[in-house]
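Architecture at a glance
Given next are the chains, with one letter for each unit.
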Amino acid sequence: MMRRFFIRRTVQYVCWFLIPIICAFLFFGTLMVRQQSASLAQEGENSLDALYSQLDLVVNSVMEEQNKVANSTNMMVALKKILSSEDYISYSDSIYIRSITTFLSGIVQSHDYISSIYLYFDGYDAYFSSTSKKLTLSDEDDSWLSIYLSMDDATEGLARLRTQTESTYSEDSATQVLSIYRRMLIQDGVIVVNLNLQKLQESLNSMSANTMEKLYLFDDTGALLTADEEEIVSSISSEDMKQQLLKLTDTDENAKWQTLGGGSYLIQVQYYELYHLYLASMIPRISLIRNMLPLFGIFILFFLLDVAIAISISYVTTKGNFREIEYTLHLFEQAEQGNFPEQEDKQPQC
């Protein structure tokens with residue numbers, strides 16, 4: 001009986017003490033969830049801003065140099081002499097060509113995910129490359145030209161995924177590249193910056209401070225332009241992905257939790273209008289739970305403390321109550337046997 005009474009009272013005390021702990025946990029937990037969600041959203045926004053700035057910086061650097069070339073009569077003459085297959089160029093022309101090559105090669109070498117840069121002027125049968133200088137359109141890597149020719153006249157920039165073919169002495173190699181197109185401002189032509197897809201993905205993975213965050217690039221049709229190692233979006237069709245991206249860019253919310261690929265992710269999207277690119281950041285909900293672990297640890301600690309205090313109080317009170325009950329039963333047994341406890345004579349006080 002005492003054991004049953006002890007257990008019931010312990011449960012009662014635990015519940016009494018647990019109510020304020022649960023209320024406090026729910027209150028602070030709600031605040032912490034909002035704070036951590038805002039923190040994750042800020043991480044995603046920072047990553048997208050960094051990615052946006054990095055892509056913009058590379059292409060703008062090439063555009064700036066191209067504008068210098070276009071504004072320099074001597075450089076344009078030298079460049080067009082090479083592209084027009086003239087047999088002879090002067091020493092001064094070769095200096096101008098070397099300066100263009102040096103600048104383009106410097107951009108490629110300073111960004112390991114840039115495979116090559118092309119300069120193409122309309123009407124010529126050749127283009128200028130950062131890797132091989134002059135190349136004819138009949139060379140192995142000419143798939144970029146069909147994409148450029150399919151661009152609308154009003155389209156200033158575009159990004160498309162393609163296969164870049166390069167010939168070596170032993171064999172031909174094919175590499176997946178993301179080609180970013182930008183029309184020249186002064187001359188009629190295009191600048192093409194080819195990004196190595198594998199190295200670009202490595203750069204994206206290292207760009208965020210949150211190791212669980214994934215950065216993706218989509219074109220304006222919703223097609224994925226980067227790798228998807230965890231298969232988060234691979235099961236979604238391009239059309240459905242496009243609708244998702246449009247909803248996320250049209251909403252006033254900075255970030256939104258969405259279910260993709262069987263998991264829940266905090267998704268943020270920026271639209272790079274110039275190149276018709278969607279930049280997306282996806283942070284799994286497990287990242288939020290991981291940040292909440294300290295609060296869960298505090299709750300478990302207080303819960304164990306609550307149980308310990310409840311057991312201690314229940315033991316003391318139960319033992320005291322049963323001591324009184326046993327004493328009362330003992331008095332009844334003594335009374336039945338005719339033994340009464342002696343009472344001290346109390347003298348009246350004057």
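No experiment lies behind these values; they were computed from the predicted model shown.

Time to look at the overall build of the protein chain. Secondary structure assignment for the protein chain yields 7 helices and 10 strands. Out of the 350 residues in the protein chain, the part that is buried amounts to 39%. A sequence separation of at least 24 residues applies to 60% of the contacts in the protein chain between residues at least 6 apart. Roughly 20,300 Å² of accessible area belongs to the protein chain as shown, and the carbon and sulfur atoms make up 55% of that amount.

What follows covers helix α5 (residues 197–207). Along α5, the residues that are buried comprise L197, L200, Q201, S203 and L204. In a view along the axis of α5, the buried residues occupy a sector of 160°, so they form one face of it. Residues of α5 that are exposed and angled more than 90 degrees away from the buried face: Q198 and S206. For α5, the capping residue at the N-terminal end is N196, with a side-chain oxygen 3.1 Å from the backbone nitrogen of Q198.

A few words now on the side chain of S129. Assignment of secondary structure puts S129 in strand β2 (residues 126–129). Excluding its chain neighbours within four sequence positions, the residues that come into contact with S129 are I117, Y118 and L135.

This paragraph deals with unusual backbone geometry. The backbone phi angle of H276 is positive, close to 55°, even though this residue is not glycine. Mapping H276 onto the fold places it in the loop between β9 (263–272) and β10 (277–284). Looking at H276, the relative accessible area reads 23%, which means it is partly exposed.

Enumeration over the complete set of coordinates arrives at 10 aromatic pairs. Each ring, one from Y272 and one from Y275, has its centre 5.0 Å from the other, and the planes form 80°; the classification is edge-to-face. A residue is classified by how much of its surface remains accessible, and Y272, at 2% relative accessible area, is buried. Owing to a relative accessible area of 1%, Y275 belongs among the buried residues under this scheme. Among the aromatic residues, those joined into a ring-pair cluster are Y118, Y120, Y127, W144 and Y148. The lysine or arginine in question, R285, covers the ring of W257, its NZ or CZ lying 4.2 Å from the ring centre.

Where strand β8 (residues 256–260) meets β9, 5 bridges bridge the pair, whose relative direction is antiparallel. Bridge pairing in β9 links T259 to S264. Hairpin connection between β8 and β9: a loop of 2 residues separates the two successive antiparallel strands, and G261 in this loop has a positive phi of roughly 55°.

A side chain of one charge can pair with a side chain of the opposite charge when the charged atoms of the two come close. Under the counting rule described, the total for this entry stands at 2 salt bridges. One salt bridge connects D220 with R160, and the closest N-O pair in it is separated by 3.2 Å. Here the residue D220 occupies a position in the loop between β7 (214–219) and α6 (238–250), and R160 occupies one in strand β4 (residues 157–167), the gap between them amounting to 60 residues. The exposure class of D220 is partly exposed, given its relative accessible area of 21%.

A separate point is the sheet that holds β7. Read from one edge to the other, the open sheet built from 4 strands follows the order β7-β10-β9-β8, with strand pairing classed as antiparallel. The sheet is open, and its two edges are formed by β7 and β8, each paired on a single side. On average, each strand axis in the sheet is inclined to that of its neighbour by 40°, with strand direction left out of account. Inspection of the sheet shows β9 paired to β10 by 8 bridges, in the antiparallel sense. When the sheet's bridge partners are listed, I267 is paired in β10 with M282. Each of β7, β8, β9 and β10 is contacted by α6, which is oriented at about 75° to β9, the strand it contacts most.

Here we take up the nonpolar core. I114, I117, V193 and L195 are the most contacted members of the largest nonpolar core, which totals 42 residues. Among the elements that line this core, the one with the most residues is helix α1 (residues 2–71), at 8 residues.

Turning our eyes to something else, we now look at the packing of helix α2 (residues 73–83) against helix α3 (residues 91–110). For the pair α2 and α3, the least separation of the axes is 9 Å and the interaxial angle reads 90°. Classified by the angle between their axes, α2 and α3 sit roughly perpendicular to one another. Across the interface between the two elements, N74, M75, A78, L79, K81 and I82 of α2 pack against D93, Y96, I97 and S99 of α3. Per-class residue counts for the contact of α2 with α3 are 6 nonpolar, 2 polar and 2 charged.

For S179, the position within the fold is in strand β5 (residues 172–183). Classification of S179 as buried rests on a relative accessible area of 0%. A distance of 2.6 Å separates polar atoms of two side chains, one belonging to S179 and the other to N194. S179 has contacts with L158, A159, R160, R162, V192, V193 and N194, leaving out every residue within four places of it along the chain.

Rules of the game
- Residues numbered from 1 in each chain as written.
- Predicted model: local features only at pLDDT ≥ 70, side-chain atom pairs only at ≥ 80, totals over all residues.
- Heavy atoms only, no water.
- Helix = DSSP H or I, 4+ residues; strand = E, 2+ residues; numbered from the N terminus.
- Buried < 20%, exposed > 50% of the residue type's maximum accessible area, 1.4 Å probe, protein only.
- Contact = heavy atoms within 4.5 Å.
- Areas by Shrake-Rupley, 256 points an atom, 1.4 Å probe, with all protein chains shown as cover.
- Arc of directions from axis to C-beta.
- Polar contact = N/O pair within 3.5 Å; in protein donor to acceptor, adjacent residues only side chain to side chain.
- Phe/Tyr/Trp six-rings, centres within 6.5 Å; stacked < 30°, edge-to-face > 60°.
- Lys NZ or Arg CZ within 6 Å of the ring centre and 35° of its normal.
- Pairing = 2+ DSSP bridges.
- Salt bridge = Lys/Arg side-chain N within 4 Å of Asp/Glu carboxyl O.
- Axes fitted to C-alpha atoms, helices over the stretch in contact; angles between N-to-C directions.
- Core = buried A, V, L, I, M, F, W, Y, C linked by side-chain atoms within 4.5 Å.
- Parallel < 35°, antiparallel > 145°, perpendicular 65-115°, else oblique.
- Nonpolar A, V, L, I, M, F, W, Y, C, P; charged D, E, K, R; others polar.

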